[in-house]
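Secondary and tertiary structure notes
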Amino acid sequence: MKNLPVNLRDKIDALYISAYEALEKKDVNTAKEQAEKAWELLPEPKFDWDVTLSFVSGICEMYKELGFYENSHKIVDQLLSSDHLDEYDDGPIFLKGAIYFEQGELDLAKMWFDKANTISKGRCFVSQPKKYKTFYSEYK
């Protein structure tokens, strides 16, 4: 993986911060616009950078919060089908489960949480909202 230049990383981070600030103010259009600008700044191939996982998480979390589930699935699916993940990378798999959970697709959420849980041996839930672990524990 290549290192993204710090100045470009800072620009992208600033746009994500702006997007989350807009989301807090319920300004959905600005939030989506800022998140998409951030994603567009990430050079191709998008999954070949040291910051790829955090930026994928950022854009997908934003789409998830905005209810744009298909947009979020599309990016995660592209990452999952790329050759840029290690066998221990449970984050994108967990994210896929979280997207399905928020959509109300609970069977699919459980399936993806199962995969992430197996890879991480339960650590995937540690820094996540408690609702995901509660659901997973009760749905088993």
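Structure report, in brief. The structure presented is a predicted model; accordingly, all values stated were derived computationally and were not measured.

Here is what the cut-offs are and how they apply
- Residues numbered from 1 in each chain as written.
- Predicted model: local features only at pLDDT ≥ 70, side-chain atom pairs only at ≥ 80, totals over all residues.
- Heavy atoms only, no water.
- Helix = DSSP H or I, 4+ residues; strand = E, 2+ residues; numbered from the N terminus.
- Contact = heavy atoms within 4.5 Å.
- Expected span 1.5 Å × (residues − 1).
- Buried < 20%, exposed > 50% of the residue type's maximum accessible area, 1.4 Å probe, protein only.
- Arc of directions from axis to C-beta.
- 1 Å grid on protein atoms, 1.4 Å probe; cavity = no way out; pocket = protein on both sides within 12 Å on 5 of 7 lines; lining within 4 Å.
- Points joined across faces, edges and corners; volume = space filled by probe spheres on them.
- Nonpolar A, V, L, I, M, F, W, Y, C, P; charged D, E, K, R; others polar.

In this fold, Ile59 is placed in helix 3 (residues 52-66). Distance in space between the C-alpha atoms of Ile59 and Val76 is 9.7 Å, their sequence separation being 17 residues. When residues no more than four places from it in sequence are discounted, the contact partners of Ile59 are Tyr16, Ala35, Glu36, Trp39 and Ile75.

In this section: unusual backbone geometry. Pro45 follows Glu44 through a cis peptide bond whose omega is -10 degrees. Take Pro45: it is sitting in the loop between helix 2 (28-41) and helix 3.

So, about helix 4 (residues 69-81). Between its terminal C-alpha atoms helix 4 stretches 18 Å, which fits the 18 Å expected from 13 residues at 1.5 Å a residue. Within helix 4 the residues assigned to the buried category are Ser72, His73, Ile75, Val76 and Leu79. All buried residues of helix 4 fall inside an arc of 165 degrees around its axis, so they share one side. The outward face of helix 4, more than 90 degrees from its buried face, is lined by the exposed residues Glu70, Lys74 and Ser81. Among the structural elements, helix 2, helix 3 and helix 5 (91-103) are those in contact with the buried residues of helix 4.

Empty space within the largest pocket amounts to approximately 210 Å³. Broken down by secondary-structure element, the contributors of at least two residues to the lining of the largest pocket are helix 3 and helix 5. Looking at the lining of the largest pocket, the element that brings in the most residues is helix 3, giving five residues. Residues of the lining of the largest pocket, tallied by class, amount to six nonpolar, five polar and three charged.

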